[in-house]
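One letter stands for each residue in the lines below.
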Amino acid sequence: MADGASAPANELVIVPEGMIPDILTREASFDAVEKVFAAMAAGEARNFPVVREAIGHEDALYGFKGGFDAVGGVLGLKAGGYWPHNLDRRGIINHQSTVFLFDPDTGRVKALVGGNYLTALRTAAASSVSIRHLARKDAKVLGMIGAGHQAKFQLRAAAETHAFEKVIGWNLHPEMLPGLAEVAREVGLPFEAVELPGMSEADVIITITSSFAPTLLADHVSPGTHLACMGTDTKGKQEVEAALLGRARVFCDEVAQSVSIGEAQHAVAEGLLSEGDVTQLGAVINGTHGGRGSDEEITLFDGTGVGLQDLAVADAIVKTAVAQGIATIVPL
Ligand code: NAD
């Protein structure tokens, strides 16, 4: 063995989906995502091009999101996608994914981690990190647009991140709002359903829908608001009017994704925003960008979801599971 090289671990760590809700905390997800956003902005971590394919079977969309974080020593990918008939035909959720981690020194596989619950927590962590760094400290009212699966995780994480006093919500399908109101009740916050113009009362707004046309208009948003736009992660999707991004100071997880598959794609196409106007949130975390410029400024975080978020949180899960002695470890 060459000087300085240690014997590689001869083990594969497996943490299945069913164990993860008991292992992964919102706090650990927040820390992992905040750190990896900072590493991305410092040029020490990068995402690889995303592969996404219709496989011509079960109408499934399957793909890979990978990356390498040299600071955390985390290399890997999340594989999986969307199987639209799972719930109806098999009683399992439609989004299915698994994270694979590799030893960056040798390329040997290190861990297999269930990716479904992890995805919801890392997505909620991203908006929470943006709230911590960009919302006004005196923000009181949280506005929620969307009431589906992810919205509940988003609301719980936001309520843990900042001391809100009230939640207001709007959803295209109002029959889903009671589910969100129940989460607000669980976190001890009053909930009120509003029409879209009523969102002007919010100090922070999270959008998390699968919309392909803007619902929230620029005139629905008051000066000083922070928005975390989390639903738009594909070309063609859109949750907010492009003019809002023209008025706002825009931040993102990754600029290339923001302007191609994120909310910024539309403002860029309409000439209201250029790629150079979009700042990685990690730069604010690192202190190389000042973040919010004033109490009147609208800030907007375009969270498209990057592979490094998945890998960072999976790495935290593996470390916790191994430390607690509950991971399945098999020899390679
Ligand atoms: P879901 O199916 O559980 O909920 C969908 C939500 O969108 C509901 O509130 C529904 O009422 C609303 N909706 C549906 N059609 C709409 C329309 N035409 N206009 C406005 N609202 C509409 O889905 P989910 O799992 O909660 O995911 C929500 C979105 O978040 C999806 O677009 C998903 O791709 C995206 N997502 C993003 C990330 C990320 O990292 N940014 C991660 C996971 C999911």
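Preceding block: the structure.
Note that this is a predicted model, so its numbers are computed, not measured.

**Student:** Explain a nonpolar patch on the surface to me, using residue names and the numbers behind them.
**Tutor:** A contiguous nonpolar patch, built from Val 51, Ile 55, Tyr 62 and Phe 64 and spanning about 300 Å² of accessible area, is present on the exposed surface. In this structure, Tyr 62 sits in strand E4 (residues 61-69).

**Student:** Could you give me a rundown of the packing of aromatic side chains, with the residues and numbers involved?
**Tutor:** All told, the structure shown has four aromatic pairs when counted by the stated rule. Ring geometry for Phe 37 versus Phe 301: centroids 6.3 Å apart, planes at 55 degrees, classification tilted. In this pair, Phe 37 is assigned in helix H2 (residues 26-41) and Phe 301 in strand E17 (residues 299-302), connecting sequence segments 264 residues apart. Taken as a pair, Phe 37 and Phe 301 share a single burial class, namely buried.

**Student:** Summarise the side chain of Thr 279; cite the residues concerned and give the values.
**Tutor:** Here Thr 279 lies in strand E16 (residues 279-280). Those residues in contact with Thr 279 that sit more than four places away from it in its chain are Val 250, Phe 251, Cys 252 and His 289.

**Student:** Kindly report on the site of the ligand, identifying the contributing residues and their values.
**Tutor:** The full set close to the ligand counts 22 residues, and Arg 122, His 149, Asn 171, His 173 and Lys 237 are the nearest of them. Here an oxygen atom of the ligand sits 3.1 Å away from a polar atom, N or O, in the main chain of Ser 210. Protein contact buries 80% of the 860 Å² of open area that the ligand shows by itself. Grouping the constituent residues of the shell around the ligand by class yields five nonpolar, 14 polar and three charged.

Conventions adopted
- Counting restarts for each chain, with residues numbered from 1 along the sequence as it is written.
- Totals for whole chains, interfaces and linings use all residues, but because this is a predicted model, local features are given only for residues with pLDDT of at least 70 and pairs of side-chain atoms are given and counted only at 80 or more.
- As a rule here, side-chain values come from all non-hydrogen atoms in the structure, and water together with hydrogens is ignored.
- For patches, a residue must show more than 30% relative accessible area and have no salt bridge; joins then use 9 Å for like charges and 5 Å for nonpolar side chains, namely Val, Leu, Ile, Met, Phe, Trp and Tyr.
- Surface exposure here means Shrake-Rupley accessible area, sampled with a 1.4 Å probe, where a residue is shielded only by the protein chains that are shown.
- Any Lys or Arg side-chain nitrogen found within 4 Å of a carboxyl oxygen on Asp or Glu counts as a salt bridge.
- Comment: elements are numbered from the N terminus, with helices defined as DSSP H or I runs of at least four residues and strands as E runs of at least two.
- Any Phe, Tyr or Trp ring, taking Trp's six-membered ring, that has another such ring centre within 6.5 Å forms a pair; planes under 30 degrees apart are called stacked, those over 60 apart edge-to-face, and the others tilted.
- For the exposure calls, accessible area comes from a 1.4 Å probe over protein chains only, and a residue counts as buried if that area is under 20% of its type's maximum, exposed if over 50%, partly exposed in between.
- Whether two residues touch is decided by their heavy atoms; if any such pair falls within 4.5 Å, the residues are in contact.
- When at least one non-hydrogen atom of a residue lies within 4 Å of a molecule or strand, that residue is treated as near it.
- Here a polar contact is recorded for every N or O atom pair within 3.5 Å, except that within protein the pair must consist of a potential hydrogen donor and a potential acceptor, and residues adjacent in sequence are included only if both atoms are side-chain atoms.
- Under the scheme applied, nonpolar residues are Ala, Val, Leu, Ile, Met, Phe, Trp, Tyr, Cys and Pro; charged residues are Asp, Glu, Lys and Arg; polar residues are all the others, including Gly.

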